[in-house]
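If you want the building blocks of each chain, they are given just below.
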Amino acid sequence: MSKRKIILDCDPGHDDAIALLLSCYSDELELLAVTTCAGNQTIDKTSKNALNLLNFFNKSNIPLAKGSSTPLVRKIMTCPEIHGESGLDGFTFPLYKEQYDYRKGYQLIIDTLLNNEEVTVVTTGPMTNLALALSHNSRIKNHIKEIVLMGGSTGEGNITKAAEFNILVDPEAANICFTSGIPLRMLGLNVTRQILVTDEVVNEASKIPTRGGDLFVKLMKVFNKNQRGFFGLSAGPLHDPATIVSLINKDVFTFEDMNVQIDISDTDQAGKTICSYNEPHNVKVATKVNVELYWKEIFKHLRRCK
Ligand code: RIB
Ligand code: CA
């Protein structure tokens, strides 16, 4: 069976880091390119983290381009409360030399799509780069199999009552993607907040004798502490790898066809993903998760990162 081709646009970010690990060590996926966005931290920090991670995973051959430093029209919003000053507090990487691709993020997305067919674009941060790519070159639509995003919620948000972080940072970008006509698969807080990095999970991971296990444990200890402190959660939800797990193992998530609109107002509803079963259905929305199977996939890939 041929591998599914993906592009990952991310803002590492503790959970993005694990999504990137799965992308690099999956038998089912071929990671064509990585682009970074500003979100969990500034673009320079998320990009440095992505560069370090790709080198750590021995994948510095995969092109990595820095994306937009700001949302399309709104002011940048970062989340050091959760991800720390570096954006990936808790793990110190060896020193690598800079190896960014010469192109801007949206241009690497365009070029990678025009050189491939049936590509899945995965976003685990604000959707600014994909929106810029679609705005610069509409022909790329014909090369995208589907967009798979971590973002939104069928219920409440996490940063405001209405909105989840990735959508709230750049609602206009999300709106461009959600109205593009491209098949969309949304994994929102309604499922990702069921996937908690409990002490049992960390304890289980600490028994994995690989560099991936060590990276996971060190990152999650900081992630958990910050999630408890900032959101008052019992443990951190491991949001972003849900996108990759849903591509690797079809049995983990259940999806329902819905209509999803993005609130792009300047009210306290800004960034809300307004979900209904009305026609037309433009998004497949994750509504259920098999948590046990999810962790099986995470641990399987941590073991591969020797
Ligand atoms: O709301 C959760 C999302 O915001 C995750 O992608 C996390 O990494 C942050 O970007
Ligand atoms: Ca993210």
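Use the structure listed above.
These numbers come from a predicted model, not from an experiment.

1. What to know about the overall build of the protein
(1) Moving on: Within the protein, the regular secondary structure consists of 12 helices and nine strands.
(2) Moving on: Taken over the C-alpha trace, the protein has a radius of gyration of 17 Å; the compact-globule value for 306 residues is 19 Å, and the two agree within 12%.
(3) Moving on: On the principal axes, the C-alpha backbone points of the protein span a range of 50 × 40 × 40 Å.
(4) Moving on: Considering the protein as a whole, with its 306 residues, one finds that 59% of them fall into the buried category.
(5) Moving on: For the protein, contacts bridging at least 24 residues in sequence account for 82% of all contacts bridging at least 6.
(6) Moving on: The average position of the 33 basic charges and that of the 35 acidic charges among the side chains of the protein differ by 5 Å.

2. Points about the pattern of salt bridges
(1) Moving on: The final tally for this structure, using the stated rule, is 16 salt bridges.
(2) Moving on: Of the charged contacts, one joins D111 and R103 as a salt bridge, the two residues approaching to 3.0 Å between their closest N and O atoms.
(3) Moving on: For E204, the salt bridge identified is with K207, shortest N-O distance 3.6 Å.
(4) Moving on: Three or more residues are tied together by salt bridges with common partners; here these are R4, E146 and R185.

3. Focus on the coordination of the calcium ion (ligand 2)
(1) Moving on: Distances from the calcium ion (ligand 2) to its protein donors, D11 (OD), D16 (OD), D16 (OD), T124 (O) and D240 (OD), fall at 2.1 to 2.6 Å.
(2) Moving on: Read from N- to C-terminus, the donor residues coordinating the calcium ion (ligand 2) fall into the pattern D-x4-D-x107-T-x115-D. Within this pair, whereas D11 is found in the loop between β1 (4–10) and α1 (14–25), its partner D240 is found in the loop between α10 (211–231) and α11 (241–248), the two being separated by 229 residues in sequence.
(3) Moving on: Note on D11: relative accessible area 0%, which makes it buried.
(4) Moving on: Residue D240 is classed as buried on the basis of its relative accessible area, which comes to 2%.

Thresholds, definitions, all that
- Residues numbered from 1 in each chain as written.
- Chains lettered and ligands numbered in written order.
- Predicted model: local features only at pLDDT ≥ 70, side-chain atom pairs only at ≥ 80, totals over all residues.
- Heavy atoms only, no water.
- Helix = DSSP H or I, 4+ residues; strand = E, 2+ residues; numbered from the N terminus.
- Rg over C-alpha atoms; globule rule 2.2 N^0.38 Å.
- Buried < 20%, exposed > 50% of the residue type's maximum accessible area, 1.4 Å probe, protein only.
- Contact = heavy atoms within 4.5 Å.
- Lys, Arg positive; Asp, Glu negative; His and termini not counted.
- Charge placed at Lys NZ, Arg CZ, Asp CG, Glu CD.
- Salt bridge = Lys/Arg side-chain N within 4 Å of Asp/Glu carboxyl O.
- Donors = N, O, S within 2.8 Å, 3.2 Å for Na, K, Ca; no water.

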